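This is what each chain is made of:
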Amino acid sequence: MTVSEQPTRVAIIGCGSIGRTHAAVILEQPELLLTALVDPVTEARTELAAWVGDRAAPRQYPSVAAALAADVADLFVLATPSGLHIAGALEVLEAGKHVIIEKPLDVDLARAQEIEAAALAAEARGQLVTVISQHRFDPASLAVADAVADGGFGRLCSAIATVSWWRSQSYYDSGDWRGTWAMDGGGALMNQGVHTADLLLWFLGRPVTITGHAALLAHRDIEVEDTAAAVITFESGALAVLHATTSAYPGLSASVQLMGSGGSARIDNDRLAYFHAAGEDAPESRMGMNGEGDQSAEVLSRYPEEAAEVADPTVYPVGHARQYRDVIRALASGSRPGVRVSDAVNALACVRAVYLSSALGRTVLFEDVLAGVYAGTDVAAGIAGGVYAGKGQA
Ligand SMILES: NC(=O)c1ccc[n+]([C@@H]2O[C@H](COP(=O)([O-])OP(=O)(O)OC[C@H]3O[C@@H](n4cnc5c(N)ncnc54)[C@H](O)[C@@H]3O)[C@@H](O)[C@H]2O)c1
């Protein structure tokens, strides 16, 4: 990959809600040019084209194959329903183009590992392959990741990660793929929680065992879980609790709290709510400081905002903008992007492990999940019945 005088031509595949977010971010990057919109649904394409207006003149295509045949783009963004990510990405990679894949990587772990191999081969040919995990680029996440790497928290002992959100039935009804095993791949943990699972693994390393429960408790017409809770042990010995729900009315927050012998941190709704890193030299504090000693303002001053000023964060999330700057850097320098396919495979495997553990009623080994030991297990059976009888319950 070399720096070109011309902006990189970008195609968005999937012109729905996150497709518009990508369009908003791409339009703001001078190094990128939005040249194509791909969606089998004509209205989705034309609506997004109308929203883009005269800021760009993307051509419209009903399929990835048609856009590839027209040779209109060098970078393709997969913003389709989750279960279609890998099929589209493989098509793009085989055509020698760069690809950004929305999270989660896909719904199927075996296929995810297939694209892991394809991505390595594509990278060797100079193609860029990355998966959206925009919260890795939040200053709060960077500050915590750097402190973990520097030993600022001493021995990392435990973590609590939770996504406590509300999604109504009308949200699930807004797309026929939502809340299905085949296309969403899961519920609260797969769709909403995979970002947080990814952060947890980024901070704590490789899981060893996962003991999880998933249940459908407050929604009627979905197949998947709306609540999941798991205990995870890590190679370092650290213990973590991972929780995700779309049944926390009216919606609380997404947070990750890390606790170690030399420091602790808490990220709440993408912001650094508490940070203290004294490392191995932590002074004697017999009973602890109970949340005092917050150094978050000081540490954040080392991570100046990279994203452009934005008028409307609901259509222009800064996280996506930050990750696009990482992609642009990687394209310009030929270096690897900050998020690799292998990272997304691990996040997907962690979510699948919770479902498998729930379905099997026992602890599972992360390595066994990756190795496909449980392939063929019917995870829908792991969704315990709640107050309502959902589609996923026998
Ligand atoms: N990173 C994030 O924070 C974030 C946020 C929301 C959604 N997402 C992810 O983005 C993906 C899409 O979610 P959404 O909310 O935009 O869904 P959506 O239903 O609003 O949009 C999906 C679009 O894809 C189109 N589509 C379906 N099949 C296609 C195909 N074969 N080729 C091209 N387009 C096709 C549909 O017609 C629709 O317009 C999901 O995987 C979701 O998990 C990520």
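Each value, and the rule that gives it
- Residues numbered from 1 in each chain as written.
- Predicted model: local features only at pLDDT ≥ 70, side-chain atom pairs only at ≥ 80, totals over all residues.
- Helix = DSSP H or I, 4+ residues; strand = E, 2+ residues; numbered from the N terminus.
- Rg over C-alpha atoms; globule rule 2.2 N^0.38 Å.
- Buried ≥ 20, exposed ≤ 12 C-beta atoms within 10 Å, placed from the backbone.
- Contact = placed C-beta atoms within 7 Å.
- Pairing = 2+ DSSP bridges.
- Axes fitted to C-alpha atoms, helices over the stretch in contact; angles between N-to-C directions.
- Near = placed C-beta within 6 Å.
- Parallel < 35°, antiparallel > 145°, perpendicular 65-115°, else oblique.
- Left-handed = near helix turned anticlockwise from the far one by under 90°.
- Nonpolar A, V, L, I, M, F, W, Y, C, P; charged D, E, K, R; others polar.

So, about the overall build of the protein chain. From N to C terminus, the protein chain includes 13 helices and 15 strands. In summary, the protein chain has a C-alpha radius of gyration of 21 Å against a globular reference of 21 Å for 394 residues, a match within 12%. Across its three principal axes, the protein chain shows a C-alpha extent of roughly 65 × 55 × 40 Å. Taking all 394 residues of the protein chain together, the buried fraction comes to 48%. Nonlocal contacts in the protein chain, meaning residues at least 24 apart in sequence, comprise 70% of its contacts between residues at least 6 apart.

All right, on to the environment of Asp176 then. Within the secondary structure, Asp176 sits in the loop between helix 7 (169-173) and helix 8 (188-192). As for Asp176 and Pro81, which are separated by 95 residues in sequence, their C-alpha atoms are 9.7 Å apart.

The α-helix winds at 3.6 residues per turn, so residues separated by three or four positions along the chain end up facing the same way. Of all 11 residues in helix 9 (residues 194-204), 11 are buried, a share of seventy percent or more. Two residues or fewer past helix 9, Gly205 is found with a positive phi of approximately 95°.

Now for helix 1 (residues 17-27). If you check which residues of helix 1 are buried, you get Gly19, Thr21, His22, Ala23, Val25 and Ile26. The secondary structure elements touched by the buried residues of helix 1 are strand 1 (8-13), strand 2 (32-38), helix 2 (42-52), strand 4 (75-78) and helix 11 (318-333).

Within the open sheet, the 6 strands sit side by side as 3-2-1-4-5-6. Their pairing is parallel. Two strands bound the open sheet, and with one partner strand each, they are strand 3 (59-61) and strand 6 (129-131). Within this sheet the neighbouring strands show an average axis-to-axis angle of 25°, counted without direction. With 4 bridges joining them, strand 1 and strand 4 adopt parallel strand pairing. When the bridges of strand 4 are listed, Val10 appears paired with Leu75. Relative to the sheet, helix 2 contacts strand 2 and strand 3, its axis offset from that of strand 2 by approximately 155°.

Another aspect to go through is the site of the ligand. The full set close to the ligand counts 23 residues, and Gly14, Gly16, Ile18, Ala44 and Gly175 are the nearest of them. Ranked by the residues each element gives to the shell around the ligand, the list is headed by helix 1, at 3 residues.

Right, let's talk about the packing of helix 9 against helix 12 (residues 341-360) for a bit. Across the interface, helix 9 lies against helix 12 with an axial gap of 9 Å and an inter-helix angle of 110°. With respect to helix 12, the axis of helix 9 lies roughly perpendicular. As for how helix 9 packs across helix 12, the hand of that crossing is right-handed. Across from Val194, Ala197, Asp198 and Leu201 in helix 9, the residues of helix 12 making contact are Asp343, Asn346, Ala347, Cys350 and Val351. For the contact of helix 9 with helix 12, the class distribution of residues is 6 nonpolar, 1 polar and 2 charged.

A word on the environment of Thr130. Following the sequence through the fold, Thr130 ends up in strand 6. Residues Thr130 and Ser342, 212 residues apart in the sequence, show an inter-C-alpha distance of 9.5 Å.

Right, let's get into unusual backbone geometry. The step from Lys103 to Pro104 runs through a cis peptide bond, and the omega angle for that step is -15°. Mapped onto the elements, Pro104 comes out in the loop between strand 5 (98-101) and helix 5 (109-124). Positive phi is not limited to glycine here, since Asp71 has a value of about 50°. On the secondary structure map, Asp71 appears in the loop between helix 3 (64-70) and strand 4. Residue classification places Asp71 among the exposed residues on the basis of 10 C-beta atoms within 10 Å. Phi at Asp270 is positive, roughly 75°, even though this residue is not glycine.

The next subject is the pairing of strand 12 (residues 263-268). Of all 6 residues making up strand 12, 5 are buried, and the element is well covered by its neighbours. Here 6 bridges tie strand 11 (residues 254-260) to strand 12, and the two strands are oriented antiparallel to one another. What sits directly across from Leu258, in strand 12, is Ala265. Hairpin connection from strand 11 to strand 12: 2 residues lie between these consecutive antiparallel strands. Strand direction decides the pairing type here: strand 12 and strand 13 (residues 271-277), joined by 6 bridges, are antiparallel.

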